[in-house]
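# Fold and geometry: a report
Listed below, chain by chain, are the residues.
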2 protein chains.
Amino acid sequence: MLLSFGYSGRVYPVNPQESEIQGFKAYARVSDIPEPVDFATITVPAPAVPEVVEECLARGVKAAQILTAGFREVGEEGQKLEDRIAATAARGIRIIGPNCFGVYSPGGGLTILPGQDFPRESGPVAFISQSGGLAVRVPRRASGWGIRFSKAISYGNACDVNECDLLEYLYQDPETKIITGYIEGVRDGSRFFKLLQKVTRVKPVILWKGGLTQGGARAVHSHTGSLGGAEAVWEALFQQTGAIRANSLEELLDTTLAFLHLAPYRGRRVSVIGGGGAITVAAADACERTGLSVPQFSSQLQKKLATILPPVGASFRNPVDVASPFPPPLVLKAVLESVGADDSVDTIIIDELEFSGASAGMKNIAERFGTTLNEAAQVLIDIKRTLSKPLVMVLAVEATGADAIEFEGVRRSVGDYFLKEGIPVFLTLERAAKALSNFLSYHEHRESVSQRV
Amino acid sequence: MLLSFGYSGRVYPVNPQESEIQGFKAYARVSDIPEPVDFATITVPAPAVPEVVEECLARGVKAAQILTAGFREVGEEGQKLEDRIAATAARGIRIIGPNCFGVYSPGGGLTILPGQDFPRESGPVAFISQSGGLAVRVPRRASGWGIRFSKAISYGNACDVNECDLLEYLYQDPETKIITGYIEGVRDGSRFFKLLQKVTRVKPVILWKGGLTQGGARAVHSHTGSLGGAEAVWEALFQQTGAIRANSLEELLDTTLAFLHLAPYRGRRVSVIGGGGAITVAAADACERTGLSVPQFSSQLQKKLATILPPVGASFRNPVDVASPFPPPLVLKAVLESVGADDSVDTIIIDELEFSGASAGMKNIAERFGTTLNEAAQVLIDIKRTLSKPLVMVLAVEATGADAIEFEGVRRSVGDYFLKEGIPVFLTLERAAKALSNFLSYHEHRESVSQRV
């Protein structure tokens, strides 16, 4: 893994049965390594781990990640082994794990489990995860949307380094601008609470808390031996600290995308611009259900839009229905300029307009409109550069079948184009609205706190 | 459209300026057509529509669809035109529309707007839609998941044939087993209510009601001139009639998929079988949040599972964590047989196990496990045939990037494989749980009604 990921530091395999592993000289014990060691990855069976950690400490290793499972999550015997590791850690070596996937650090070239095909580029997003699986899944899914990571850390049972230590570290890490996490249980609730209050004044913290239902709590206990906690307590924590609550992997990533691309601002008034009646109805419903508002335009703005849009099939009042998913580029430009210049809205959501025939996934449309980006896409990019309001985009997966996979490829390329221009792209209006609402909640909280101080 | 869709009946173009259109003799007026006409599609500008409808009536045409917009949805003038059409309809011709996309009827070979590339196969699902765009979008997306339609009818302003007439028709239509719809407003609330009570005793009705928020209601008014209605009234209607409420396009289609593949049953106790700690935690949370329960297994069943699964990294209590997304086929088989034979659960959800290396979207996994279906997939199909409990599957889109599109193609093929075997496949656990909960609500209501009668 280290080799294929391109780790450039020295590697010392330790194995009592081999003298050479993949071209590296192997050592029977940690104490045999002739040079100072910074970091160890421990994968021996659970009963042997405490002794190896002792050896690492004796050899002056500063930190280790223990990928092995079979500790407190399996019962009393495991708990005893874990207690021994924690006791060793307290004497001068920092431990990540056990029962984890460890660290993915693109800058340092470090990854063991199984991020071999993860990006080598760093980015502003950190992810801490009590789950190993999610420490794989989150960066993998996110990377497809252009989200890059400073560090992703799977910390498992957290016998030494825990969620608070990691938050503290990421708070100070200049590479990290957005902190995300999957948490099952917290050891020190009071420290966690105060820390979140401190961190969220500077960086957004987006947390997915698992195990808040009865069945979920039971699964949490089997997974990392944590206590799930009460829904009401956690909800209060989110409210009072300004940390953003995400209830699913999708919400975690969507919200991250909003923070990544939108400059800080406040204001829940949204204009939705779509190309169809039901789409704009659904958009308004979805926005208002997440706490955004879709205010009716002034009669002045309505009159202006009436001079731009066709008299039949369009709607001017907000949401704006431009009467077709394929509006003429100059019409789209004029609509965006008019709405963009108006004081009554804070954000513009472009809802499922077509920027390439093929993104609709329809053969006949692709034949008529082509599979490359159309002029409307360029209009949007140009407008975005001059507009004082954020643009948010919804590009739904219309082509759902295996036989329509090429259209989905085009849709993704269209999405990448907008993402590269700093426009966040979401898969459904509901998801866009939720991400935007989460983003705004953070900035509302942050401003209210700064006014109080 | 008719030609490319393969309509086999006679076609009479009517156009005063042409004598021949695409090889068909054209007629200047409807009255010039020498043979009896069953059905007309009217696309002339709005002011000319009432006269054309009159001509159709005079010529003995039984029904017409009016695709033209510019009627009551644009104001008083439009309302007057629409009133004239309705008056003509009352004298003996049935009208669908105006301001609609009309009928998609694969059995009859009929489609005008723009279902040219829709399946010619019929199926058990009907869709009625006040929106033209959704009458395109719903069958298009659904067809990618193997859902086939008896009829999809976009009925727009409903100046004559309305949602009640269509419900009544589909109630009696032997081809239709599941009724779905997108509704903006209802003309006759009392008839609609009673009709739904009647229809849901025999066929499920899944409705997406648009315009229940302030902004949504405004958009509805611009779109089809309907009144949005109050949230509480509609919620009561759903509760009392047993119609299923869907709040988005995704929920409408997911719920349809559940009805399509699951035999009627009751019971909200679910077992989730997944391959990872956080995945099963999230699964339990999502299930219980939608009103399903994830009961703890009896100690007997737990002991049995403990003999099948590895002692470390797995969980036996429900949710079941089989310790890896790639469980050995015999392990998966034994787990499914044990859980399947137990009385404590009604449904088994298979959550994001891997049935092909490539469905994970990871190059290194695809290299190790291949891109074709693995043996675990066959285990599932075999088990499904003998199991007395329904199986539901979650196959998430892991490969989100444009560069990973080939993996998404494999994932879809894996999904198709299970769909063909009658196992509903969902994109996220949250969506699976909601669809299942909707499905169960219908059967709970239906049984409670039949007991009362």
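Residues numbered from 1 in each chain as written. Chains lettered and ligands numbered in written order. Predicted model: local features only at pLDDT ≥ 70, side-chain atom pairs only at ≥ 80, totals over all residues. Heavy atoms only, no water.

Okay, the overall build of chain A next. Helices and strands together make up the secondary structure of chain A, namely 16 helices and 16 strands. Projecting the C-alpha coordinates of chain A onto the three principal axes gives extents of approximately 80 × 50 × 40 Å. A total of 453 residues make up chain A; the buried ones form 60% of that total. Within chain A, residue pairs in contact and separated by at least 24 positions form 73% of the contacts whose partners lie at least 6 positions apart. (Helix = DSSP H or I, 4+ residues; strand = E, 2+ residues; numbered from the N terminus. Buried < 20%, exposed > 50% of the residue type's maximum accessible area, 1.4 Å probe, protein only. Contact = heavy atoms within 4.5 Å.)

A separate point is the sheet that holds strand 15 (residues 391-394) of chain B. Residue and element names in this part refer to chain B. Within the open sheet, the 5 strands sit side by side as 13-12-14-15-16. Their pairing is parallel. Each edge of the sheet is formed by a strand with only one pairing partner; in this case those strands are strand 13 (320-321) and strand 16 (425-426). On top of the sheet, helix 10 (residues 277-289) reaches strand 12 (270-274), strand 13 and strand 14 (347-351); it is set at about 155 degrees to strand 12, its chief contact. (Pairing = 2+ DSSP bridges. Axes fitted to C-alpha atoms, helices over the stretch in contact; angles between N-to-C directions.)

Membership of the largest hydrophobic core comes to 96 residues, with the highest contact counts inside it found for Ile350(A), Phe355(A), Leu380(A), Phe418(A) and Leu436(A). Look past the residues within four positions of Phe355(A) in its chain and what remains in contact with it is Leu332(A), Ile350(A), Thr372(A), Leu373(A), Asn374(A), Ala376(A), Ala377(A), Leu380(A), Met393(A), Leu395(A), Val414(A) and Phe418(A). In terms of nonpolar packing, the next biggest core, distinct from the first, is built from 95 residues, Ala246(B), Leu305(B), Ala314(B) and Ile381(B) among them. (Core = buried A, V, L, I, M, F, W, Y, C linked by side-chain atoms within 4.5 Å.)

What follows deals with the pairing of strand 3 (residues 39-42) of chain B. Of the two faces of strand 3 of chain B, only the one carrying Ala40(B) and Ile42(B) is buried; Phe39(B) and Thr41(B) on the other face are not. Since strand 3 of chain B and strand 4 (residues 63-66) of chain B lie parallel, the crossover through helix 2 (residues 49-59) of chain B that links them has a hand, and here it is right-handed. (Right-handed = clockwise from strand over helix to strand, strands pointing away.)

Trans is the common state for peptide bonds, and a negative phi is the common state for residues other than glycine. The omega torsion across Gly97(A) and Pro98(A) is -5 degrees, close enough to zero to call that bond cis. In the segment running from Asn318(B) into Pro319(B), the intervening peptide bond is cis, with an omega of 0 degrees. With respect to the secondary-structure elements, Pro319(B) resides in the loop between helix 11 (299-308) and strand 13. A positive phi is found at Gln22(B), a non-glycine position, where the angle reads about 50 degrees. With respect to the element layout, Gln22(B) can be found in the loop between strand 1 (20-21) and strand 2 (24-25).

All told, the structure shown has 66 salt bridges over all chains when counted by the stated rule. Across the pair Arg141(B) and Glu398(A) runs a salt bridge whose closest N-O atoms are separated by 3.2 Å. Placement of Arg141(B) in helix 4 (residues 132-143) and of Glu398(A) in the loop between strand 15 (391-394) and helix 15 (405-420) is noted, with the two residues assigned to different chains. Side by side, Arg141(B) and Glu398(A) carry an identical accessibility label, which is buried. Here Arg10(B) and Glu35(B) are joined by a salt bridge, their closest N and O atoms 2.1 Å apart. Pair noted here: Arg10(B) is in the loop between helix 1 (2-5) and strand 1 and Glu35(B) is in the loop between strand 2 and strand 3, with a separation of 25 residues, a long-range link. Accessibility expressed as a relative area gives 58% for Arg10(B), which makes it exposed. Within this structure, Arg137(A), Arg140(A), Arg141(A), Glu250(A), Glu352(B) and Glu398(B) form a network of salt bridges that share partners. (Salt bridge = Lys/Arg side-chain N within 4 Å of Asp/Glu carboxyl O.)

Residue and element names in this part refer to chain A. Enumeration over the complete set of coordinates arrives at 22 aromatic pairs over all chains. For the pair Phe259 and Tyr442, a centre-to-centre distance of 5.4 Å together with 75 degrees between the ring planes defines the contact as edge-to-face. Here Tyr442 lies in helix 16 (residues 429-452) and Phe259 lies in helix 9 (residues 249-261), a separation of 183 residues in the sequence. Classification of Phe259 by relative accessible area gives buried; the value is 9%. (Phe/Tyr/Trp six-rings, centres within 6.5 Å; stacked < 30°, edge-to-face > 60°.)

Let's shift gears to helix 5 (residues 163-172) of chain A. All names here are of chain A. Considered for burial, the residues of helix 5 that qualify are Glu163, Cys164, Leu166, Leu167 and Leu170. For helix 5, the buried positions fall inside an angular range of 160 degrees around the axis, keeping them on one side. Elements in contact with the buried residues of helix 5: strand 7 (125-129), strand 8 (149-154), strand 9 (178-183), helix 6 (189-199) and strand 10 (205-209). Structurally, the start of helix 5 carries an N-cap: the backbone nitrogen of Cys164 is 2.9 Å from a side-chain oxygen of Asn162. (Arc of directions from axis to C-beta. Polar contact = N/O pair within 3.5 Å; in protein donor to acceptor, adjacent residues only side chain to side chain.)

This brings us to the interface of chain A and chain B. Facing 78 residues of chain A, the contacting portion of chain B comprises 78 residues. In this assembly, chain A packs against chain B so that about 5800 Å² is buried in total across both faces, 50% of it on carbon and sulfur atoms. Between chain A and chain B we count 12 salt bridges in total. The set of elements that each furnish at least two residues to the side of chain A that touches chain B consists of helix 4 (132-143), strand 10, helix 7 (214-224), helix 10 (277-289), helix 13 (363-369) and helix 15 of chain A. By residue number, the principal contributor to the side of chain A that touches chain B is helix 10 of chain A, which donates 10 residues. Its residues placed into classes, the side of chain A that touches chain B shows 30 nonpolar, 26 polar and 22 charged. (Buried area = accessible area lost by both parts, 1.4 Å probe. Nonpolar A, V, L, I, M, F, W, Y, C, P; charged D, E, K, R; others polar.)

So, on to the packing of helix 4 of chain A against helix 9 of chain A. Residue and element names in this part refer to chain A. Two numbers describe how helix 4 lies on helix 9: the axes approach to 11 Å, and their chain directions differ by 45 degrees. The orientation of helix 4 with respect to helix 9, classified from their angle, is oblique. For the pair helix 4 and helix 9, the crossing hand works out as right-handed. Mapping the contact onto sequence places Leu134, Arg137, Val138, Arg141 and Ala142 in helix 4 and Leu249, Glu250, Leu252 and Leu253 in helix 9. When the residues that make up the contact of helix 4 with helix 9 are grouped by side-chain class, the tally is 6 nonpolar, no polar and 3 charged. (Parallel < 35°, antiparallel > 145°, perpendicular 65-115°, else oblique. Left-handed = near helix turned anticlockwise from the far one by under 90°.)

With an RMSD of 0.0 Å, the fit of chain A onto chain B corresponds to turning through 180 degrees and sliding 0.0 Å along the axis. Here the two chains are linked by the operation of a two-fold rotation axis. Looking at the rotation axis and the C-alpha trace of chain A, the residue lying nearest is Ile405(A), at 3.7 Å. Most of the interface of chain A is mirrored in chain B, where 100% of its interface residues again form contacts. (Least-squares fit on C-alpha atoms with pLDDT ≥ 70 in both.)

Residue and element names in this part refer to chain A. Within the secondary structure layout, Val103 lies in strand 6 (residues 102-104). A residue is classified by how much of its surface remains accessible, and Val103, at 12% relative accessible area, is buried. Residues Val103 and Gly115, 12 residues apart in the sequence, show an inter-C-alpha distance of 9.6 Å. If we skip the residues at most four places from it in the chain, Val103 touches Gln65, Ile96, Leu110, Thr111, Ile112, Ala152 and Ile153.

In this section: the confidence of the model for chain A. Taken as a whole, chain A shows an average pLDDT of 92; of its residues, 99% reach a score of 70 or greater. The ipTM for the predicted assembly is 0.91, set against a pTM of 0.93. (pLDDT = per-residue confidence, 0-100.)

All names here are of chain A. Residues of helix 11 (residues 299-308) that are buried: Leu301, Gln302 and Leu305. All buried residues of helix 11 lie within an arc of 100 degrees about the axis, which places them on one face of the element. Exposed positions of helix 11 whose direction lies more than 90 degrees from the buried face are Gln300, Lys303 and Thr307. Summarising the contacts, the buried residues of helix 11 are in contact with strand 13 (320-321) and helix 12 (329-341).

All names here are of chain A. Relative orientation of the contacting elements helix 11 and helix 12 amounts to 170 degrees, with a least axis distance of 10 Å. In this view, helix 11 runs roughly antiparallel relative to helix 12, as classed from their interaxial angle. Packed against helix 11, whose contacting residues are Leu301, Lys304, Leu305 and Ile308, the element helix 12 presents Val331, Ala334, Val335, Ser338 and Val339 at the interface. Partitioning the contact of helix 11 with helix 12 into residue classes produces 7 nonpolar, 1 polar and 1 charged.

Bringing the sheet that holds strand 3 (residues 39-42) of chain A into the picture now. Think of a sheet as strands paired side by side through backbone hydrogen bonds, with each pair either parallel or antiparallel. Residue and element names in this part refer to chain A. A sheet is described by the order of its strands in space; here 3 strands give the open sequence 3-4-5, paired in parallel fashion. Taken across any chain shown, the strands that pair with only one partner, and hence form the sheet edges, are strand 3 and strand 5 (94-96). Averaged over all pairs of adjacent strands, the angle between their axes in this sheet comes to 20 degrees, without regard to strand direction.

Okay, the pairing of strand 10 (residues 205-209) of chain B next. Residues and elements named next belong to chain B. Counting buried positions along strand 10 yields 5 of 5 residues, so the element is predominantly enclosed. Taking every second residue as pointing to the same face, both faces of strand 10 are buried, with Val205, Leu207 and Lys209 on one and Ile206 and Trp208 on the other. Summarising the sheet, strand 9 (residues 178-183) and strand 10 pair through 5 bridges and their orientation is parallel. Residue Ile179 lies in a different strand from strand 10, and its bridge partner there is Val205. Crossover connection from strand 9 via helix 6 (residues 189-199) to parallel strand 10: handedness right-handed. Bridge count between strand 10 and strand 11 (residues 244-246): 3 bridges; the pairing is parallel. Within strand 11, the position partnered with Leu207 by the bridge is Arg245.

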